[in-house]
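# A closer look at the structure
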Amino acid sequence: MKPLAPLEVRGEFQPIESSLPGVSVCEHLPKLSRQMHHLALIRSVHHDVVDHNAGSYYALTGRTPVIGGKLILGDEPDNFPPFGALVSRLSPPESRGLPGFVHLPDIMSNNGRDLPGQRAGFLGPAYDPFVAGDPSEPAYEVPGLALPAEIPELRLARRRVLLDELDRAAGARDARSNFIGLESHYNRAFSLLASDETRQAFDLSREPAHVRERYGLPDRTDRSVEARKFGGLPHLGQSLLLARRLIEAGVRLVTVCTGRRFDQSWDTHRQHFPLLKSHCCPTRTAPFRH
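Read on for a plain summary of the structure.

### A look at the side chain of Ser 136
Mapped onto the fold, Ser 136 is located in the loop between β8 (130–131) and α5 (153–170). There is a polar contact of 2.7 Å between the side chain of Ser 136 and the side chain of Asp 134. For Ser 136, the side chain forms a polar contact with the side chain of Arg 223, separated by 3.1 Å. Not counting residues within four places of it along the chain, the set of residues in contact with Ser 136 comprises Pro 218, Arg 223, Pro 234, His 235 and Gln 238.

Right under this line is the structure:
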């Protein structure tokens, strides 16, 4: 907030005091204002890259998005990794069944390209985030966590043995440059399928109903309208609740996107204040329980 700036700069929203003396926040964030003493407000982050894709790379990796005079605009195998991929490599979870790095709900895309800085880049696909989908969907199932009914765990174990035997017979282990990406995905898939701990961590039904309600249940089933077209953020509350559960279970880092896939929710060039007031900022009518 810039309450002392000229009207055309400070905008129409008013500041309110927060729990951190000397720091004010927007009037449409009353509950956040009570938590500011737990947060670090960083005012110095800035850059001069006027491009969504390249700016995302800068924010997610901390590296300049300019190479050879050209902007990094898409996902490339030689990109620098995001923070979550680094943490996953340097400090993996204690439980082998848990992914080290989770991304909710979707990989973000703009102008036909996935935003750079979301996947692991030169660290390789073994450190890509586990993209867990939208936990606010009524029939939500985490991709890859449940075996089909016709494949019991014993059959899965036999398939893994068979895969190892085929790899050895084909010399796959000696041609690691061709197979290491697939191998890491296979290992991750088998670990996830075999882990009850992971399934429990992703199971929001274990949360009390009032907690799920407090985080924010979806207010609509139609997800076809973008937030910046007044479609709201129906996925956000349950995504944040799932992120909390995953961190408590031992996942090292969880990225939660306010938007979904092609929906850049904060790109509010048009109807900025109405969008913030009614769809992007938390509503005042949300139920509150201690």
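There's more to say after this.
### Side note on the side chain of Arg 245
With respect to the helices and strands, Arg 245 occurs in helix α9 (residues 236–249). Ignoring anything within four residues of it in the chain, the contact list for Arg 245 reads Gln 200, Ala 201, Asp 203, Leu 204, Arg 206 and Glu 207.

### A closer look at the packing of aromatic side chains
Counted under the stated rule, the structure contains three aromatic pairs. Here Phe 80 and Phe 122 contribute two aromatic rings whose centre-to-centre distance is 5.1 Å and whose plane-to-plane angle is 80°, an arrangement assigned as edge-to-face. Placement of Phe 80 in the loop between β4 (70–71) and α4 (83–90) and of Phe 122 in the loop between β7 (113–114) and β8 is noted, with a sequence separation of 42 residues between them. Exposure remark for Phe 122: the relative accessible area of 46% places this residue in the partly exposed category. Residues Phe 130 and Phe 202 carry aromatic rings whose centres are separated by 5.7 Å and whose planes lie at 65° to one another, so their mutual orientation is edge-to-face. Of this pair, Phe 130 sits in strand β8 while Phe 202 sits in the loop between α7 (196–201) and α8 (209–215), and the two are 72 residues apart along the sequence. For the residue pair Phe 130 and Phe 202, the accessibility class agrees, reading buried in each case. Just above the ring of Phe 80 sits the side chain of Arg 63; from NZ or CZ to the centre is 3.9 Å.

Cut-offs applied
Residues numbered from 1 in each chain as written. Predicted model: local features only at pLDDT ≥ 70, side-chain atom pairs only at ≥ 80, totals over all residues. Heavy atoms only, no water. Helix = DSSP H or I, 4+ residues; strand = E, 2+ residues; numbered from the N terminus. Polar contact = N/O pair within 3.5 Å; in protein donor to acceptor, adjacent residues only side chain to side chain. Contact = heavy atoms within 4.5 Å. Phe/Tyr/Trp six-rings, centres within 6.5 Å; stacked < 30°, edge-to-face > 60°. Buried < 20%, exposed > 50% of the residue type's maximum accessible area, 1.4 Å probe, protein only. Lys NZ or Arg CZ within 6 Å of the ring centre and 35° of its normal.

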